[in-house]
Amino acid sequence: MSVFFGVDYYPEHWARDRWETDAKLMQEMGLNIVRMGEFSWAKFEPGEGEFHFEWLDEAIALLAGHGIKTLIGTPTAAPPAWIIEKDPDILPVDSQGQQKGFGGRHHDCQSNVKYREHIRRLVTAMAEHYKDNENVVGWQIDNELGNSHEDLCMCDSCRHAFQQWLKKKYGSIENLNKEWGTVFWSQDYDKFSQIPAPKVTPTMHNPSLLLDWKRFCSDLVVDFQKLQVDIIKSICPHQPVTHNLMGLYDKTDYFDLASDLDFASNDQYPTGYYFTPPGQPSYEISACLDFIRSVKKKNFWMMELESGPTGGAFIGRMPRPGQLRLWTLHCIAHGSDTIVYFRWRTCLFGTEQFWHGILPHNGVPGRRYQELKDTVAEMVPVLKDIQGIVPKAEAAILFSYDQNNAIKIQPHHPELDYIEQVKKYYDSFYERNIPLDFISETEDFQDYKLVIAPLQFLMDAALEDKLMEYVKKGGRLVLTMRTGVKNRNNVCMGDMPLPGRLGGMLGIKIEDYDCPLGLTVKLEWTGTGIKDPGQEGVADKWCDIVTLGDAKPLAFYRSEYYKDTPAVTVNSYGAGKAYYVATEPDKHILGQLAELLREEAGLESLGESPKDVELTLRKGRARDYLFAINHTDCGQEVRIDRMWKRLDGCRENAFVVGGYGVNIYTRQSDAGQ
Ligand code: GAL
Ligand code: ZN
């Protein structure tokens, strides 16, 4: 298995006589892979059935002459003008009923039959053309599916496809009426053909319709991708297929989307967009990386890693010295085995002329080139040892697109957001250097000592059983506010007090609740009462008013009419324990909870570090590697077991990590011992 480092390369943006220089510079930098072609439909097929692959053939061959392989992107995120002219219905329609125009990218309706025919023709020709090319190592389907689509398309074709999807799900219109509760506001349908796509209405749509629409949109994207996966797999089964996902972006269910891929890829721009300086917080990037590893429980490629300032009309910050190395090592530490930088050289024209690449506009290598060249040289030997060994955590967060969609439709509190909530729990473990995986509902929980399942708003008997079984067998489970409120059709359940059947396992009952709009509710963490009693904090966004059954309180509200009632509880159940967090505690209280969970579940922490300095472990065949990543701009000290030695041999101040620095520590691996 070779170790790949590479760039996103667009030879069609540059004069032919520059290609050789580019390839040489890439080779000197240690690069050996490029992704090409993902927006070049008009060059591949300037008119229907007129294929021109010679330019890419030439680029592939020239790069191969410098030891550089190619991964080809199918260019279906950018249907050319001639296709839109021929079949204008391909342009998507927004929720106002307005058709979008040609001129950006992703101006496509993914259910459009004619568009799919165009895709079938092109992708078949591409796969046939490249199936025997030994320099082509794989395929990326389309580009960032779901991006720019928002709620996709509400055209007649999509509406019809939605109706078919509903018919398959509900069988009869009577059943749909019953499940959705269409008796409310006279929304009873006589036939599926009456059901709308959720275009803007004078008031609000039925929440059941909205949730099904979200699921339909996700399924449509998965199906759209599968069309191309199937073509490529039937023609070139030996070439792996991937797609560039976008971390915790939520338009498509990535567990579903990735199930059709050989491996997942991710795009990461740590400075974020120019309007959110100084960029994404480090815990958030770590969460995204852990999530992408988790969608397939497999190491992944970074298909686009920022290599210069981001920009459009405005321009983001220049990556500080050390940051390009840091971002690279950060990705590797969380399970990325291949890094591809976006992009090689900053384009002179087009929408992204200020979205910078490694090389500046003039193409002369500078500081960023040199830093990445050194980084590649440093990391190749490490990757050889760790490649393919998947980092595995002892604890996991249950992640559900369904819960996210349902909460988005009715957030209760204007600031309540499922993904933000997930990130808060993630952060409380991240700060303690306790690794986490993400799992979907369909995975085996039993692999983990602790499962954190925030906001399980939608519930069914199967999930209830699975959660109870997990705890009964010894698992530690955290459930939170708004668990078990609704059935899967987004309809409230009224046959038991909240949180339904799970109340037995949790040892609590919820008979009342408060959305504390404009209020600060006081919270006190008392813990198990042995250590650190009396930590003060704040309960935010939602307060379940809990009646204790067998559960023991861990925290209390200290204001409002529910003052002195429990806000966090724990109950022993079978061989395990079930925790309930009835509110959104502030960071400090969440930290207390994380400490308790670490202790009670027996989780290993990798050591202690200051804020924004993380410790992350990759196991290797010969050695283990502990990455101490300092996301801040000044030197910081980490406290880790002294058995770890610096990989670079440095002994003086061995436990100080410089600003934007990463220290790699190693020890002999278990396997190597
Ligand atoms: C990504 C996209 C790339 C490029 C990059 C910079 O979202 O996949 O094609 O547009 O952002 O804007
Ligand atoms: Zn459409």
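Residues numbered from 1 in each chain as written. Chains lettered and ligands numbered in written order. Predicted model: local features only at pLDDT ≥ 70, side-chain atom pairs only at ≥ 80, totals over all residues. Heavy atoms only, no water.

### Things to note about the overall build of the chain
Argument step 1. Of regular secondary structure, the chain possesses 17 helices and 26 strands.
Argument step 2. Relative to the compact-globule value of 26 Å for 673 residues, the chain shows a C-alpha radius of gyration of 26 Å, a close match.
Argument step 3. Expressed along its principal axes, the backbone C-alpha trace of the chain runs to roughly 75 × 75 × 45 Å.
Argument step 4. Within the chain, the proportion of its 673 residues that are buried is 59%.
Argument step 5. Counted over contacts in the chain with a minimum sequence separation of 6, partners at least 24 positions apart contribute 73%.
Argument step 6. Total accessible area on the chain stands at roughly 26200 Å², and carbon and sulfur atoms take up 52% of it. (Helix = DSSP H or I, 4+ residues; strand = E, 2+ residues; numbered from the N terminus. Rg over C-alpha atoms; globule rule 2.2 N^0.38 Å. Buried < 20%, exposed > 50% of the residue type's maximum accessible area, 1.4 Å probe, protein only. Contact = heavy atoms within 4.5 Å. Areas by Shrake-Rupley, 256 points an atom, 1.4 Å probe, with all protein chains shown as cover.)

### As for the sheet that holds strand β22 (residues 623-630)
Argument step 1. Read across the sheet, four strands follow the order β21-β22-β26-β24 without closing on themselves; strand pairing throughout is antiparallel. Taken across any chain shown, the strands that pair with only one partner, and hence form the sheet edges, are β21 (613-619) and β24 (645-646).
Argument step 2. Taken together, the seven bridges between β22 and strand β26 (residues 662-668) define a ladder with antiparallel strand orientation. Across the sheet, Tyr 625 pairs through a bridge with Thr 666, a residue of β26. (Pairing = 2+ DSSP bridges.)

### A few points about a nonpolar patch on the surface
Argument step 1. Where nonpolar side chains cluster on the molecular surface, the patch consists of Val 183, Phe 184 and Trp 185 and spans about 390 Å² of accessible area.
Argument step 2. Within the secondary structure, Phe 184 is located in the loop between α7 (173-180) and α8 (207-235).
Argument step 3. Assessed through its relative accessible area of 51%, Phe 184 is described here as exposed. (Patch = residues over 30% accessible without salt bridge, like charges linked within 9 Å, V, L, I, M, F, W, Y side chains within 5 Å. Salt bridge = Lys/Arg side-chain N within 4 Å of Asp/Glu carboxyl O.)

### Description of the site of ligand 1
Argument step 1. With respect to spatial proximity, the complete set of residues near ligand 1 consists of Phe 39, Arg 105, Asn 143, Glu 144, Asn 147, Asp 267, Tyr 269, Glu 304, Phe 342, Glu 352 and Trp 355.
Argument step 2. One of the side-chain nitrogen or oxygen atoms of Asn 143 is found 2.8 Å away from an oxygen atom of ligand 1.
Argument step 3. In this structure, an oxygen atom belonging to ligand 1 sits 2.5 Å away from a side-chain N or O atom of Glu 144.
Argument step 4. Contact with the protein chains removes 96% of the 300 Å² of surface that ligand 1 exposes when unbound.
Argument step 5. When its residues are assigned to classes, the shell around ligand 1 shows four nonpolar, two polar and five charged. (Near = heavy atom within 4 Å. Polar contact = N/O pair within 3.5 Å; in protein donor to acceptor, adjacent residues only side chain to side chain. Nonpolar A, V, L, I, M, F, W, Y, C, P; charged D, E, K, R; others polar.)

### With respect to the coordination of the zinc ion (ligand 2)
Argument step 1. Looking at the zinc ion (ligand 2), the protein donor atoms are Cys 109 (SG), Cys 153 (SG), Cys 155 (SG) and Cys 158 (SG), and they sit 2.3 Å from it.
Argument step 2. Around the zinc ion (ligand 2) sit four donor atoms; with metal-centred angles ranging over 99 to 120°, the donor geometry is tetrahedral.
Argument step 3. Residue classification places Cys 109 among the buried residues on the basis of a relative accessible area of 0%.
Argument step 4. For Cys 158, a relative accessible area of 1% translates into the label buried. (Donors = N, O, S within 2.8 Å, 3.2 Å for Na, K, Ca; no water. Tetrahedral: all angles 85-135°; square planar, octahedral: opposite > 155°, others 65-115°.)

### Quick notes on the packing of aromatic side chains
Argument step 1. A complete count under the given rule lists 35 aromatic pairs for this structure.
Argument step 2. Judged by centre distance (6.3 Å) and plane angle (70°), the rings of Tyr 10 and Phe 342 are edge-to-face. Placement of Tyr 10 in the loop between β1 (5-8) and α1 (19-29) and of Phe 342 in strand β9 (residues 336-342) is noted, with a sequence separation of 332 residues between them.
Argument step 3. Where Phe 291 meets Tyr 401, the ring centres are 6.4 Å apart and the plane angle is 65°; that geometry is what we call edge-to-face. With Phe 291 in helix α10 (residues 282-296) and Tyr 401 in helix α13 (residues 401-409), this pair connects stretches of sequence that are 110 residues apart.
Argument step 4. Of the residues examined, Phe 291 reaches a relative accessible area of 0% and is grouped as buried.
Argument step 5. On the basis of relative accessible area, Tyr 401 is assigned to the buried category, the value being 5%.
Argument step 6. Each member of the aromatic cluster is reached from another via a ring pair, and the members are Tyr 254, Phe 255, Phe 291, Phe 399, Tyr 401, Tyr 418, Tyr 426, Tyr 430 and Phe 438. (Phe/Tyr/Trp six-rings, centres within 6.5 Å; stacked < 30°, edge-to-face > 60°.)

### Let's talk about the domain arrangement of the chain
Argument step 1. Looking at the chain, the domain boundaries give domain 1 (395-601) and domain 2 (613-668).
Argument step 2. Summarising the inter-unit geometry, the C-alpha centres of domain 1 and domain 2 are found 34 Å apart. (Domains from an automatic or database assignment.)

### Section: the side chain of Glu 464
Argument step 1. Looking at where Glu 464 falls in the secondary structure, it is placed in helix α15 (residues 461-472).
Argument step 2. Residues contacting Glu 464, with those up to four places away along its chain left out, are Met 459, Arg 501 and Leu 502.

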